[in-house]
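Fold and contact review
Below, each chain spelled out in residue letters.
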Number of protein chains: 2
Amino acid sequence: MAQPTAKCEDCGAFIKRFILCPPSPALPPSPPLPLHGLTFAVKDIFDIEGHVTGFGNPDWARTHVPATSTAPTVLALLEAGATCVGKTIMDEMAYSINGENKHYGTPINVCAPDRVPGGSSSGSAVAVAAGLVDFSLGTDTGGSVRVPASYCGIFGFRPSHAVVSTSKVIPMAQSFDTVGWFARDPMIISKVGHVLLPLPGETNVELTHFIIAKDCFKYLGSLGEQISHIVAKSVEVSFGSHLITNKNLGNYIYEKVSLPREFLSNASGSQASTIPALGAVSFAMRLLQRFEFMINHGKWLESVKPSIGPGISERIMEALASTDDNVDSCMKLKSELKDALTSLLGEYGVLAIPTVPGTPPKLNQDSTTLEDFRAKAFSLLAVAGLSGFCQISVPLGLHNGLPVSVSLIARHGADYFLLNLVQAFYQTLKEQAAVVWESGL
Amino acid sequence: MAQPTAKCEDCGAFIKRFILCPPSPALPPSPPLPLHGLTFAVKDIFDIEGHVTGFGNPDWARTHVPATSTAPTVLALLEAGATCVGKTIMDEMAYSINGENKHYGTPINVCAPDRVPGGSSSGSAVAVAAGLVDFSLGTDTGGSVRVPASYCGIFGFRPSHAVVSTSKVIPMAQSFDTVGWFARDPMIISKVGHVLLPLPGETNVELTHFIIAKDCFKYLGSLGEQISHIVAKSVEVSFGSHLITNKNLGNYIYEKVSLPREFLSNASGSQASTIPALGAVSFAMRLLQRFEFMINHGKWLESVKPSIGPGISERIMEALASTDDNVDSCMKLKSELKDALTSLLGEYGVLAIPTVPGTPPKLNQDSTTLEDFRAKAFSLLAVAGLSGFCQISVPLGLHNGLPVSVSLIARHGADYFLLNLVQAFYQTLKEQAAVVWESGL
């Protein structure tokens, strides 16, 4: 192969003809590793080579062989310098937001030991809340990161759908499945994002507007008013009050999205107390979720007939009976909701809603008592769930001894923006929350 | 905050209630860094904090201030342990595939010193070909990584469009701009991919079918026949001959995509020798590229009136005169082409075409002589360019003293699959090529 012959007039080297001479920048590698020294735990739905992935159920573990490779998300965290301390308990087949597991025990909500920890990523949330690890991986299909984060008083991030790899993670319902993560510190939530998210497409962007979904906060009564006040005040201090709008999210969705009449009327049945448009959105999400779950796991369920705990077994029976009757209209609604929310938020707007409709429910409640709470919860969780937008549940400290949170939602793909935003104003949020909780405003 | 109280029956620790006991896997971090010990160079279109990004033209450099931050792609490579040795010469405003720069000199094609190195990522390709660095970053809008890789006898990868961050990279035409990279070794091409691409969505996938675009290889006459033979033989040895189909790509596109008559008739003018459907596809790509380039840089060009070398200045004048007249029909064609090629390749099919229609042109050729070659080249380059599919140019060694390559194309998003595939059968390709070149088959 011929060698280059031209010499650089400045430095005398032949390099001139293909690499610029100094002052062309030369940059050394930039250690240390981004997650150096941090520990994490992994929900038992991720494959780790040589170990059976348990999926929260002993019959599942018994009938499956050890994984032959490790999920790329776990590998990426190890390559970034973090240490995995183990796998965590989860709700059976990821089909609950409560966190109670009759086989392996219910992880203790260290913030509120008489309350459920939330699920299905229950153990991952508790491991972080109890300080056993710096961060943890969960999955969020219908709320399984956001809910336990809220109940356990920590940060929980659900990225935009299909942005973080779900390879070697047992599917629940692919139209909604995401890999999410928990931490006590917004800096660590961001650092993990830096490792798991694609490289940022844009940087240094500024908040354009901030919408408070005032109808959604009404689910929480006076607590909702307090949380909206904390959020509005914090945005005002950090970014200016001119960016804030209050909006009825339900009305907006009702106007912009064609909601099938039967979805709305269903919402007036078991979901009588929900905001009608959100009830319909949540109904569509649950229909699709059931159908996809059935396609994924119906055959195994029917052949193995596993032992499944109360609550979950009823929902799984419903899923097994589901058909593709409404799949098309659900998909249409999904696409229209994404368009409507994209118009609402633009590139760099943010929507604030409650993560859940109140403080964590008590342990061992019968499902009838929980029905109204669950219906409202899913009507909130389906906003990002069905649109595929990213959402972070931000802890606001303890109120009357129970953890309280707020959720921020940004458009699909604005994951870095949302994580940076939370870092920028979390300190203010925390201070404003402390003022309100102490003064009882 | 309450502490957990339950103890594990097996290990006596309180951990049981939220983290599974052993044999729950604990995994240490996995050093060393993936690019530890490797060096790289960066095309002078990427921002590096504190340095002016030169864009291949002294007037651009003179009228722009130093970058205030570094491109996320460059940062990611540094964080992965690689050392940046400097920035490389490029064609002015990235508006050429030749690699000749009248201001800074033309990087010497070390494989063929009397031939052009190819552009616009000329210096990045030569830095790798000359062994000065292990890999380098370029950008590829219309062919600016694939072409110099082919001319310099190295690997050049153009990822799926919008999959690798183009943040802090000067835009050429956003509908096509990609960040690509060069290496001499397929393992290093993959390693860089592992750092720059999003985490893999799927792994361990197998080739389903392999299509050889026989009409495209006809551009190269008997050399094209030899290359198709090498490729077919290598696929046969590595994956089995039942996977191989020969196909006229032009006919397929003509049948599946609605090509506006004026695009086809243009192709019968200056592009008389191209396959008509590919000529039309390439015409659409150039129209859109010109329009987007004008939107990006028209104002600067008109106010600064920079000194621009021959060939490039004519193309820039054309771009400045462009309008949005055909933008909608180009976008429609773009979307139809993507759909048609997605049907053709499915999830894990591969298409083989020539990267360029022949061996590298001689230095300092007048543009009239190059016209036919350029028209054919763009008709090949536009296949992945307009569809957004990923493409890798694979070197096949020297034939009559000049570098020869073949390109493999996979669907949008199948970047890991394509990189793994090349690793799996490059050795065979190289061996088959050596047999053919030596025997003169």
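Predicted model, so just to flag it, every value in this text is computed and none were measured.

Notes on the pairing of strand 10 (residues 402–410) of chain B
Residues and elements named next belong to chain B. Taking burial as the measure, the nine residues of strand 10 include nine buried ones, the bulk of the element. Here strand 10 shows a buried face lined by L402, V404, V406, L408 and A410 and a second buried face lined by P403, S405, S407 and I409. Of the strand pairs in this sheet, strand 8 (residues 349–353) and strand 10 are connected by three bridges, and their pairing is antiparallel. When the sheet's bridge partners are listed, A352 is paired in strand 10 with L408. As paired strands, strand 9 (residues 390–399) and strand 10 are joined by eight bridges and run antiparallel to one another. What sits directly across from P395, in strand 10, is S405. Remark: two residues form the turn of the hairpin made by strand 9 and strand 10, two consecutive strands paired antiparallel; N400 in that turn has positive phi of roughly 50°.

A closer look at the side chain of Q289(A)
All names here are of chain A. The residue Q289 is located in helix 10 (residues 276–304) in this model. The class for Q289 is buried, based on a relative accessible area of 8%. Those residues in contact with Q289, other than ones at most four positions away along the chain, are Y95, T141, G142, M172, A173 and F176.

Quick notes on the packing of helix 7 (residues 221–239) of chain B against helix 14 (residues 415–439) of chain B
When two helices pack together, their arrangement is given by the angle between their axes and by how far apart the axes lie. Residues and elements named next belong to chain B. Two elements in contact, helix 7 and helix 14, have axes whose closest approach is 8 Å; the angle formed by their N-to-C orientations is 130°. It follows from the interaxial angle that helix 7 and helix 14 lie oblique. Our pair here, helix 7 against helix 14, has a crossing hand that is right-handed. Note on element contacts: helix 14 touches helix 7 through L421, A424, F425, T428, L429, Q432, A433, V436 and W437, opposite L223, Q226, I227, H229, I230, V231, K233, S234, V235, V237, S238 and F239.

Overview of unusual backbone geometry
Put simply, G119(A) and S120(A) share a cis peptide bond, and its omega is 5°. Phi is positive for A94(B), close to 60°, though the residue is something other than glycine. In this structure, A94(B) sits in the loop between strand 2 (83–88) and helix 3 (122–129). The phi torsion at K168(B) lies on the positive side, around 65°, for a residue other than glycine. Owing to a relative accessible area of 23%, K168(B) belongs among the partly exposed residues under this scheme.

Some words on the packing of aromatic side chains
Summed over the entire model, instances satisfying the criterion amount to 20 aromatic pairs over all chains. Between the aromatic rings of F210(B) and F425(B), the centroid separation amounts to 6.3 Å while the plane-to-plane angle is 80°, which identifies the pairing as edge-to-face. With F210(B) in strand 6 (residues 209–213) and F425(B) in helix 14, the pair connects residues that are 215 residues apart, well separated along the chain. A single burial state applies to F210(B) and to F425(B), both of which are buried. Among the aromatic side chains, those forming a connected cluster through ring pairs are F55(A), W60(A) and W300(A).

Observations concerning the sheet that holds strand 10 (residues 402–410) of chain A
Residues and elements named next belong to chain A. Spatial strand order, 2-1-3-5-4-9-10-8-6-7: ten strands in an open sheet with mixed pairing. At either margin of the open sheet sits one strand with a lone partner, and together these are strand 2 (83–88) and strand 7 (244–247). Between one strand axis and the next, the sheet turns by 25° as a mean value, whatever way the strands run.

A short note on the nonpolar core
Membership of the largest hydrophobic core comes to 134 residues, with the highest contact counts inside it found for F135(B), L196(B), F210(B), I227(B), L249(B), I392(B) and L408(B). Beyond its immediate chain neighbours, meaning those up to four positions away, L249(B) contacts A213(B), D215(B), C216(B), L278(B), L341(B), L344(B), L351(B), I353(B) and V383(B). Counting residues in each nonpolar core, the second largest holds 132 residues, with I212(A), A213(A), V327(A) and I392(A) among its members.

What about the UniProt feature "domain: Amidase" (unreviewed entry) in chain A?
Residue and element names in this part refer to chain A. Those residues carrying the UniProt feature "domain: Amidase" (unreviewed entry) are residues 32–185 and 316–419 in this numbering. The span residues 32–185 shows a helical share of 18% and a strand share of 18%, and its end C-alpha atoms are spaced 20 Å apart. Overall, residues 316–419 shows 48% helix and 23% strand. The separation of its end C-alpha atoms is 34 Å.

Some thoughts on the packing of helix 5 (residues 186–196) of chain B against helix 14 of chain B
Residue and element names in this part refer to chain B. The interhelical angle for the contact between helix 5 and helix 14, taken along N-to-C directions, is 160°, at an axis separation of 9 Å. Here helix 14 runs roughly antiparallel to helix 5, going by the angle between their axes. Note that helix 5 runs across helix 14; the crossing there is left-handed. Only Y416, L419, V422, Q423 and Y426 of helix 14 make contact with helix 5, whose side of the interface consists of P186, M187, I189, S190, G193 and H194.

Considering the pattern of salt bridges
Residues and elements named next belong to chain A. Throughout the structure, instances matching the rule amount to 20 salt bridges over all chains. Residue R184 is joined to D134 by a salt bridge in which the shortest nitrogen-to-oxygen separation is 3.8 Å. Placement of the pair is R184 in the loop between strand 5 (178–183) and helix 5 (186–196) and D134 in the loop between helix 3 (122–129) and strand 3 (135–140), with a sequence separation of 50 residues. With a shortest N-O distance of 3.3 Å, K376 and D372 are connected by a salt bridge. Taken as a pair, K376 and D372 lie in helix 13 (residues 367–387) at a separation of four residues, close to a single helical turn. Look at the salt bridges and you will find they share partners, linking D140, R146 and R158 into a network.

Focus on the sheet that holds strand 3 (residues 135–140) of chain B
All names here are of chain B. Taken in spatial order, the ten strands make up an open sheet running 2-1-3-5-4-9-10-8-6-7, and their pairing is mixed. Lying at the two open borders of the sheet, with one neighbouring strand each, are strand 2 and strand 7 (244–247). Strand-to-strand, the axes of this sheet are offset by a mean angle of 25°, without reference to chain direction. Sheet topology places strand 4 (residues 155–158) next to strand 5 (residues 178–183); three bridges connect them, and they run antiparallel. Residue G156 lies in a different strand from strand 5, and its bridge partner there is F182.

Considering the environment of G56(B)
Residue and element names in this part refer to chain B. Note on placement: G56 falls in the loop between strand 1 (39–43) and helix 1 (58–62). As a C-alpha pair, G56 and L35 span 21 residues in sequence and 28 Å in three-dimensional space. Setting aside anything within four residues of it in sequence, one finds G56 in contact with M90, D91, E92, N101, H103 and Y104.

Notes on helix 12 (residues 327–345) of chain B
Compared with an ideal rise of 1.5 Å per residue, which puts 19 residues at 27 Å, helix 12 of chain B spans 27 Å between its outermost C-alpha atoms and is within 8% of the ideal. Looking one or two residues past helix 12 of chain B, G346(B) carries a phi angle of roughly 60°, positive in sign.

Focus: the confidence of the model for chain A
Per-residue pLDDT for chain A averages 92, and the proportion of residues at 70 or more is 93%. Low confidence marks residues 1–15 of chain A, where pLDDT is under 50. Its contacts with residues over four positions away, or in another chain, come to 27 contacts.

So, helix 10 (residues 276–304) of chain B
Residue and element names in this part refer to chain B. Taking 1.5 Å as the rise per residue, helix 10 with 29 residues should run 42 Å; its terminal C-alpha atoms sit 39 Å apart, in good agreement. For helix 10, the principal kink sits at H297 and spans about 60°. K305, located one to two residues past helix 10, shows a positive phi value of around 45°.

What counts, and at which threshold
Residues numbered from 1 in each chain as written. Chains lettered and ligands numbered in written order. Predicted model: local features only at pLDDT ≥ 70, side-chain atom pairs only at ≥ 80, totals over all residues. Heavy atoms only, no water. Buried < 20%, exposed > 50% of the residue type's maximum accessible area, 1.4 Å probe, protein only. Helix = DSSP H or I, 4+ residues; strand = E, 2+ residues; numbered from the N terminus. Pairing = 2+ DSSP bridges. Contact = heavy atoms within 4.5 Å. Axes fitted to C-alpha atoms, helices over the stretch in contact; angles between N-to-C directions. Parallel < 35°, antiparallel > 145°, perpendicular 65-115°, else oblique. Left-handed = near helix turned anticlockwise from the far one by under 90°. Phe/Tyr/Trp six-rings, centres within 6.5 Å; stacked < 30°, edge-to-face > 60°. Core = buried A, V, L, I, M, F, W, Y, C linked by side-chain atoms within 4.5 Å. UniProt positions renumbered as here; feature names shortened; annotations may be inferred. Salt bridge = Lys/Arg side-chain N within 4 Å of Asp/Glu carboxyl O. Expected span 1.5 Å × (residues − 1). pLDDT = per-residue confidence, 0-100. Bend = angle between axes of the 7 residues up to and from the residue.

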